[in-house]
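# Remarks on the overall topology
Residue-level listing of the chains:
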Amino acid sequence: MRRFLAGVLLSLVLSTVALLVVYPLKSGESITIPPVQVSRLESGNYTMQSTLSLHIPAWSRVNLTCGNGRGQIYLKNVFTGKIVFEAPIYGSLKASFPVPHEGTYVLALRGNGSAICSLVVTDFHAPERTQERYSIIGIAASILLAVMIRGWSR
């Protein structure tokens, strides 16, 4: 029974160590979107809209730079419809903001006007739920290790 418990504990500890080693490898990557024109024009019976659609693979930080713009710029999750960033733009805009989870997002403009925007997506992390699960596994492994060491020291 002791060998079985030691094997389970060892696998928990090694899996936690492996995650700690592998996790930073992804966080150094970045996705760069070159400058694109984002615009919206409402005139009479028609609306012309030019947007940027992109897939963000994990929780990350977005650095947005826009120039020559007028209107309200926003980043919205396509599937949930939730707006994760919104700001007015009059001339130029530089902003850095977190994107809370993986998904397909659209960068668009409200009102009449246009802007030329570029994005750099950096600092990728696992989703918050995954990080919480890693923490719970680590805590459980630590408690199990403490109990086993106390039992072996008697």
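Below: a short report on this structure. (Residues numbered from 1 in each chain as written. Predicted model: local features only at pLDDT ≥ 70, side-chain atom pairs only at ≥ 80, totals over all residues. Heavy atoms only, no water.)

### A closer look at the overall build of the protein chain
Of the regular secondary structure elements, the protein chain holds two helices and seven strands. Reading the helices (α) and strands (β) of the protein chain from amino to carboxyl end gives α-β-β-β-β-β-β-β-α. Counting only contacts in the protein chain whose residues sit at least 6 apart along the sequence, the fraction spanning at least 24 positions is 77%. For the protein chain, the exposed area adds up to about 9800 Å²; of that, 61% sits on carbon and sulfur atoms. (Helix = DSSP H or I, 4+ residues; strand = E, 2+ residues; numbered from the N terminus. Contact = heavy atoms within 4.5 Å. Areas by Shrake-Rupley, 256 points an atom, 1.4 Å probe, with all protein chains shown as cover.)

### What to know about the pattern of salt bridges
If you walk through the whole model with that rule in mind, you get one salt bridge. Its salt-bridge partner being Glu86, residue Arg110 comes within 2.2 Å of it at the nearest N-O pair. With Arg110 in strand β6 (residues 103–110) and Glu86 in strand β5 (residues 83–99), the pair connects residues that are 24 residues apart, well separated along the chain. Relative accessible area serves as the criterion here: at 34%, Arg110 is assigned to the partly exposed category. Of the residues examined, Glu86 reaches a relative accessible area of 39% and is grouped as partly exposed. (Salt bridge = Lys/Arg side-chain N within 4 Å of Asp/Glu carboxyl O. Buried < 20%, exposed > 50% of the residue type's maximum accessible area, 1.4 Å probe, protein only.)

### Considerations on the nonpolar core
By size, the foremost hydrophobic cluster in this structure holds 26 residues, and its most contacted members are Leu64, Ile73, Leu75, Phe85, Leu93, Phe97 and Leu107. Listed by contribution, the elements that provide at least two residues to this core are β1 (31–43), β3 (52–56), β4 (59–77), β5, β6 and β7 (113–125). When residues in this core are grouped by element, the largest group, seven residues, is from β5. Not counting residues within four places of it along the chain, the set of residues in contact with Leu93 comprises Leu64, Thr65, Cys66, Ile73, Phe85, Ala87 and Pro88. (Core = buried A, V, L, I, M, F, W, Y, C linked by side-chain atoms within 4.5 Å.)

### Quick notes on the pairing of β4
Two faces, one strand: in a regular strand the side chains alternate between the faces of the sheet. Relative to β7, β4 is paired through eight bridges, and the arrangement is antiparallel. By the bridge assignment, Asn63 is partnered in β7 with Val120. Judged from the 15 bridges that link them, β4 and β5 form a sheet pairing that is antiparallel. Bridge assignment links Ser60 to a residue of β5, and that residue is Val99. Hairpin connection from β4 to β5: five residues lie between these consecutive antiparallel strands, with Gly81 at a positive phi of about 80°. Taken together, the six bridges between β4 and β6 define a ladder with antiparallel strand orientation. Bridge assignment links Ile73 to a residue of β6, and that residue is Leu109. (Pairing = 2+ DSSP bridges.)

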